[in-house]
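# Remarks on the overall topology
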Amino acid sequence: MTLRKAARLILVGAPGVGKGTQTERMLKRFPQLSSISSGDLLRDNVRNRTPLGIQAEHLMSTGALVPDSMILRLIRNALTTRGWLMPKEGAQAFTVNSVAADFVSSGQDNFVTMPPVADTEYAYSEDPDASFILDGFPRNAAQAAQLAALLPINMVIHIHTPPSIIIDRICNRWTHGPSGRVYNTTFNAPKVDGKDDITGEPLTQRNDDKPEVWKARLKSFEEQSLPLLEHYDKQGILWKVEGNSSDEITPKLFTEFQRRFGA
């Protein structure tokens, strides 16, 4: 499946809704898509001892949160490294109430000019190969506004599965730690209750899979995501897909994405 223009996506959904599954399937179905994970970028920079990574590691070692500005710099660096974002000296800045405020030509093929970020204007690629799914950022409306100053997201996918179904799915999930084998007592139960099929060793449940922990995570998600979804809904780029399983959601997602971005 080929694309006719760059897709810049964000997937939003409750913990356990299957965002990772949908991302993997999208990347396989549409090879021009890439995944950019803020968490992976942070870990890579810490591991490679980059200046940003050293700063981030110091903050985390003191128990402090990595600031939004640092995450944005990681994303900006990843995009510029790929050639999908580039600083443009002397480019025309956006003007308030201008009809052209959404897209300003930079004079280069497949590039448009963005408003200043830290006194620098950026041009972003509209080449289909510059398509990506951004994971882990933004998580709230304030972060979304900061990201928009770097480049515009052009589709936000809200994946919704009833909480009762999600909690049944994840709270019945048990794992064999050494191998990573996952069981579900509802539809993929081990042959012997609480034991791994291959080794007979005991299965464990992740803390995140315990009902009380998941409910707390869901409450936090709902509090943060509602303003975020409203932010993107006002921009006309929010699309909601509903289903009780990933297999039910995937074909709907493929169809809508193909309609918007397919060649």
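Given the structure is predicted, the values throughout are model-derived calculations rather than measurements. (Residues numbered from 1 in each chain as written. Predicted model: local features only at pLDDT ≥ 70, side-chain atom pairs only at ≥ 80, totals over all residues. Heavy atoms only, no water.)

## Structural notes on the overall build of the chain
- If you tally the helices and strands in the chain, you get eight helices and 11 strands.
- When burial is assessed residue by residue, the chain has 42% of its 263 residues classed as buried.
- Within the chain, contacts between residues at least 6 apart in sequence are counted, and of these 68% link residues at least 24 apart.
- Split by element, the accessible area of the chain, about 14,100 Å² in all, is 52% carbon and sulfur. (Helix = DSSP H or I, 4+ residues; strand = E, 2+ residues; numbered from the N terminus. Buried < 20%, exposed > 50% of the residue type's maximum accessible area, 1.4 Å probe, protein only. Contact = heavy atoms within 4.5 Å. Areas by Shrake-Rupley, 256 points an atom, 1.4 Å probe, with all protein chains shown as cover.)

## Structural notes on the nonpolar core
- Core analysis: the largest hydrophobic core is formed by 61 residues, its most contacted members being L9, M26, L147, I157, Y232 and F257.
- Here this core takes seven residues from helix α4 (residues 68–82), the largest share from any one element. (Core = buried A, V, L, I, M, F, W, Y, C linked by side-chain atoms within 4.5 Å.)

## Some words on the environment of L226
- Considering the arrangement of structural elements, one finds L226 in helix α7 (residues 211–234).
- On a C-alpha basis, the gap between L226 and A141 in space is 8.8 Å, while along the polypeptide they are 85 residues apart.

## Comments concerning the layout of surface pockets
- Quantified by volume, the largest pocket comes out at close to 1,300 Å³.
- Forming the walls of the largest pocket are 49 residues, and the residues nearest its centre are A14, P15, G16, K19 and R217.
- Classifying every residue of the lining of the largest pocket gives 17 nonpolar, 18 polar and 14 charged. (1 Å grid on protein atoms, 1.4 Å probe; cavity = no way out; pocket = protein on both sides within 12 Å on 5 of 7 lines; lining within 4 Å. Points joined across faces, edges and corners; volume = space filled by probe spheres on them. Nonpolar A, V, L, I, M, F, W, Y, C, P; charged D, E, K, R; others polar.)

## A few points about the pattern of salt bridges
- Considering all chains together, one arrives at 11 salt bridges under this definition.
- When the shortest N-O distance is used, the salt bridge between R8 and E126 registers 3.4 Å. Of this pair, R8 sits in strand β1 (residues 8–13) while E126 is found in the loop between β6 (122–125) and β7 (131–135), placing the two residues 118 residues apart along the sequence. Assigned by exposure class, R8 and E126 land together as buried.
- Across the pair R49 and E57 runs a salt bridge whose closest N-O atoms are separated by 2.1 Å.
- According to the relative accessible area criterion, R49 is partly exposed, its value standing at 46%.
- It is possible to trace a salt-bridge network through shared partners that takes in R173, R206 and D209. (Salt bridge = Lys/Arg side-chain N within 4 Å of Asp/Glu carboxyl O.)

## Description of helix α6 (residues 163–171)
- Within α6 the residues assigned to the buried category are I166, I167, R169, I170 and C171.
- Of the surrounding secondary structure, the elements contacted by the buried residues of α6 are β9 (173–176), β10 (181–184) and α7.

## Describing the confidence of the model for the chain
- Summary statistics for the chain give a mean pLDDT of 86 and a share of 88% for residues scoring 70 or more.
- Predicted confidence is poor over residues 90–108, with pLDDT under 50, and the contacts of this stretch with residues over four places away or in other chains come to 29 contacts.
- Taken as a whole, residues 111–118 scores under 50 in pLDDT and shows 41 contacts with residues more than four places along the chain or in a different chain. (pLDDT = per-residue confidence, 0-100.)

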